[in-house]
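This is what each chain is made of:
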Amino acid sequence: AVVSTQSTGFEEKLINYFRDSIAMLVRSLSKLECCLLISMARLSARHANQPFNLEMVLYEYKEFVTFEGSKLNALPNHVLAVRAMEKLTQCQLVRNLSTRQKKVQKDYRQMYLNVDIMDLMNIFKTCNLPSAVQKWAQSTLMFT
């Protein structure tokens, strides 16, 4: 019984370490990368963690930018969005559904969010993002 108590303490410390690492990583992302993460979190929450693709993520972001009007920059060009998504994948915040998708166009590759939505929303509270983006991120919680 003592071993399980010790392992639980160790597991808790390990989980906190990973959360802190993820928080530092997310805080270092660009505004575009954060907005794409928020879009993914919203899609994951709304559709019960079903996979999504870049086209769906960009549509979600477009809806937000359209709603906010001129308060935010216009949508990024497609190349920037693909690069941002690749960075999020490299950082392991997002993962591809399958490695067999290499021939599938990047816009349509199925992906999952690798970060807990609640953890992500708590991290965004401490990020230096415009207030409109902060509010959009926190509104994701109503889908969870």
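Counting from 1, residues in each chain are numbered in the order their sequence is written. With pLDDT at 70 or above as the cut-off, local features in this predicted model cover only qualifying residues; side-chain atom pairs require 80 or more to be listed or tallied, and sums for whole chains, interfaces and linings still use all residues. Heavy atoms from the whole structure form the basis of all side-chain values; hydrogens and water molecules are not counted.

Enquirer: Looking at this structure, how should I read the side chain of Asn-53?
Expert: Along the chain, the position of Asn-53 falls in the loop between helix 2 (31-46) and helix 3 (54-68). Here the side chain of Asn-53 touches Glu-55 through a polar contact of 3.1 Å, landing on its backbone nitrogen. Definition of a polar contact: a pair of N or O atoms within 3.5 Å, with one able to donate and the other able to accept a hydrogen when the atoms are protein atoms, and with sequence-neighbouring residues admitted only if both atoms are side-chain atoms. At 2.9 Å, the side chain of Asn-53 forms a polar contact with the backbone nitrogen of Met-56. Put simply, DSSP marks the helices as runs of H or I at least four residues long and the strands as runs of E at least two long, and each gets a number from the N terminus on.

Enquirer: What's the story with the packing of helix 3 against helix 6 (residues 131-139) in this structure? I'm lost.
Expert: The angle between the axes and the distance between the axes are what describe a pair of packed helices. Axis separation between helix 3 and helix 6 bottoms out at 12 Å; the angle between their running directions is 130 degrees. With respect to their mutual orientation, helix 3 and helix 6 come out oblique. As for how helix 3 packs across helix 6, the hand of that crossing is right-handed. In contact with Glu-60, Tyr-61, Phe-64 and Glu-68 of helix 3, helix 6 contributes Ala-132, Val-133 and Trp-136. When residue character is reported, Ala, Val, Leu, Ile, Met, Phe, Trp, Tyr, Cys and Pro are called nonpolar, Asp, Glu, Lys and Arg charged, and the others, Gly included, polar. Here the residues of the contact of helix 3 with helix 6 are counted per class, giving 5 nonpolar, no polar and 2 charged. The angle between two axes is taken between their N-to-C directions and runs from 0 to 180 degrees, where each axis is a line fitted to C-alpha atoms and a helix contributes only its stretch in contact. Angular relationships are summarised with four words: roughly parallel below 35 degrees, roughly antiparallel beyond 145, roughly perpendicular across 65 to 115, and oblique for the angles in between. Should the near helix be turned anticlockwise from the far one by less than a right angle, the crossing is left-handed, and should it be turned clockwise, the crossing is right-handed. Should any heavy atoms of two residues lie within 4.5 Å, those residues are considered in contact.

Enquirer: What is the right way to look at the pattern of salt bridges in this model?
Expert: Oppositely charged side chains can form a pair if their charged atoms are brought close together. A carboxyl oxygen of Asp or Glu within 4 Å of a side-chain nitrogen of Lys or Arg is what we treat as a salt bridge. Summed over all chains, the structure comprises 3 salt bridges. A salt bridge links Arg-42 to Glu-60; its shortest N-O distance comes to 3.0 Å. Here Arg-42 is found in helix 2, whereas its partner Glu-60 is found in helix 3, with 18 residues between them in sequence. We note that Arg-42, like Glu-60, is buried. Look at the salt bridges and you will find they share partners, linking Arg-42, Arg-46 and Glu-60 into a network. For every residue, the accessible area obtained with a 1.4 Å probe (protein chains only) is divided by the maximum for its type, and the residue is called buried under 20%, exposed over 50%, and partly exposed between those limits.

Enquirer: How do you make sense of the confidence of the model for the protein chain when you look at a structure like this?
Expert: Reading fine detail from the predicted coordinates is not recommended where pLDDT is low. On average, residues of the protein chain carry a pLDDT of 83, and 85% of them reach 70 or more. Confidence, read as mean pLDDT per element, is least for helix 1 (residues 2-27) in the protein chain (72) and greatest for helix 2 (93). The pLDDT score gives, residue by residue, the confidence of the prediction method on a 0 to 100 scale.

Enquirer: Please explain the environment of Lys-135 as it appears in this structure.
Expert: Positionally, Lys-135 belongs in helix 6. When the C-alpha atoms of Lys-135 and Lys-125 are compared, they prove to be 9.3 Å apart, with 10 residues separating the residues in sequence.

Enquirer: Could you clarify how one ought to interpret the environment of Lys-106 in this entry?
Expert: Assignment of secondary structure puts Lys-106 in the loop between strand 1 (94-96) and strand 2 (111-113). Spatially, the C-alpha atom of Lys-106 lies 9.1 Å from that of Glu-55, the residues being 51 residues apart in sequence. Residues within four places of Lys-106 in sequence aside, it is in contact with Leu-54, Val-82 and Glu-86.

Enquirer: So what exactly am I meant to see when it comes to the packing of aromatic side chains here?
Expert: What characterises a pair of aromatic rings is the spacing of the ring centres plus the angle enclosed by the ring planes. Any two rings among Phe, Tyr and Trp, with Trp reduced to its six-membered ring, count as a pair given centres within 6.5 Å; such a pair is stacked if its planes are under 30 degrees apart, edge-to-face if over 60, and tilted if neither. Across all of its chains, the model carries 2 aromatic pairs by this definition. Both rings, one in Phe-64 and one in Trp-136, keep their centres 4.1 Å apart while their planes meet at 10 degrees; by these two values the pair is stacked. Placement of Phe-64 in helix 3 and of Trp-136 in helix 6 is noted, with a sequence separation of 72 residues between them. Comparing Phe-64 with Trp-136 shows no difference in burial state: the two are buried.

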